[in-house]
Structure formats: C-alpha cells, structure tokens
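# What the coordinates show
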Amino acid sequence: MKLVPLGDKVVIKQLEAEEKTKSGIVLPSQSKEKPQMAVVIAAGPGGMVDGNKVEMAVKAGDKIIYSKYSGTEVECDGEKLLVVRQNDILAIVED
C-alpha cells in the first residue's frame, strides 16, 4: 500500500529514540521521549490550501524536525507513520 498525501500534507517516519545518553547511560524504554526527528516518505503537491498558495519546501528523503504533538499516526504495511502539515515542520536537517 502507498500513501499519497494531499495539499500541504507530508508523510513522515519517526527516527528511533536514542537508547543511551552521550555519557553512556542506558535509558529504560518508558523514559525515552518521543523523537522529533523524522524522514520524509512522501510530500503532497502543495497548491491552494485554505485560500493561500502553498509551495512544498520538503521532498521525500529529507530529514526533518517537527512539532512535538503534531500529526496523525497511521499504520501502512505494518509500519507506523505520521501525517503532518508542512507548517508543523520546524526545520530540515542537512548533514
């Protein structure tokens, strides 16, 4: 199954949370925060959204940081994905 986002929506896959701190302390699973970094799986076409022209700034493969409690969780082929609006994306991470 393939998800095709509409308008200014973006399908993202969360990156795994770190299991160790920088100092080497192993974190128990319940203390791990939900990661705010993700990879873009698919981006909508943009266009007119709520009467405003929207151009998409992200594309598939981009690594991004998004707002903490944004989006809708969906499951596709056993994989947990998140659908967010482009304005919920805070930054593109460049390596």
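Small disclaimer: the values here were computed from a predicted structure and weren't measured.

Along its length, the protein carries zero helices and eight strands. Along the protein, helices and strands appear, N-terminal first, in the series β-β-β-β-β-β-β-β. Put simply, the protein has 95 residues, and 25% of those count as buried. Intrachain contacts of the protein at a sequence separation of at least 6 include 66% that bridge at least 24 residues. With an accessible surface of roughly 6,700 Å², the protein has 52% of that area assigned to carbon and sulfur atoms.

The next subject is the pairing of strand β5 (residues 63-66). Alternating residues of β5 divide into Ile64 and Tyr66, all buried, and Lys63 and Ile65, none buried. Of the strand pairs in this sheet, strand β2 (residues 37-43) and β5 are connected by three bridges, and their pairing is antiparallel. Bridge pairing in β5 links Ala38 to Ile64. Examined bridge by bridge, β5 and strand β8 (residues 89-93) share four bridges and lie antiparallel to one another. Within β8, the position partnered with Ile64 by the bridge is Ile92.

With respect to the secondary-structure elements, Gln86 resides in the loop between β7 (79-85) and β8. Setting aside chain neighbours within four positions, we find Gln86 in contact with Asp8, Val10, Val54, Glu55, Met56, Ala57 and Val58.

A separate point is the nonpolar core. Membership of the largest hydrophobic core is limited to ten residues, which are Val10, Ile12, Ala38, Val40, Val58, Ile64, Tyr66, Leu82, Val84 and Ile89. Contributions of two or more residues to this core are made by β1 (9-14), β2, β5 and β7. Setting aside chain neighbours within four positions, we find Ile89 in contact with Val10, Val58, Ile64, Ile65, Tyr66 and Val84.

Let us now look at unusual backbone geometry. Despite not being glycine, Asp77 shows a phi value in the positive range, around 55°. By the element assignment, Asp77 lies in the loop between β6 (72-76) and β7. Exposure remark for Asp77: the relative accessible area of 60% places this residue in the exposed category.

Attention shifts here to the side chain of Asp8. Examined against the element boundaries, Asp8 turns out to sit in the segment before β1. Judged by relative accessible area, Asp8 falls into the buried class, the value being 5%. At 3.2 Å, the side chain of Asp8 forms a polar contact with the side chain of Arg85.

Calculation notes
- Residues numbered from 1 in each chain as written.
- Predicted model: local features only at pLDDT ≥ 70, side-chain atom pairs only at ≥ 80, totals over all residues.
- Heavy atoms only, no water.
- Helix = DSSP H or I, 4+ residues; strand = E, 2+ residues; numbered from the N terminus.
- Buried < 20%, exposed > 50% of the residue type's maximum accessible area, 1.4 Å probe, protein only.
- Contact = heavy atoms within 4.5 Å.
- Areas by Shrake-Rupley, 256 points an atom, 1.4 Å probe, with all protein chains shown as cover.
- Pairing = 2+ DSSP bridges.
- Core = buried A, V, L, I, M, F, W, Y, C linked by side-chain atoms within 4.5 Å.
- Polar contact = N/O pair within 3.5 Å; in protein donor to acceptor, adjacent residues only side chain to side chain.

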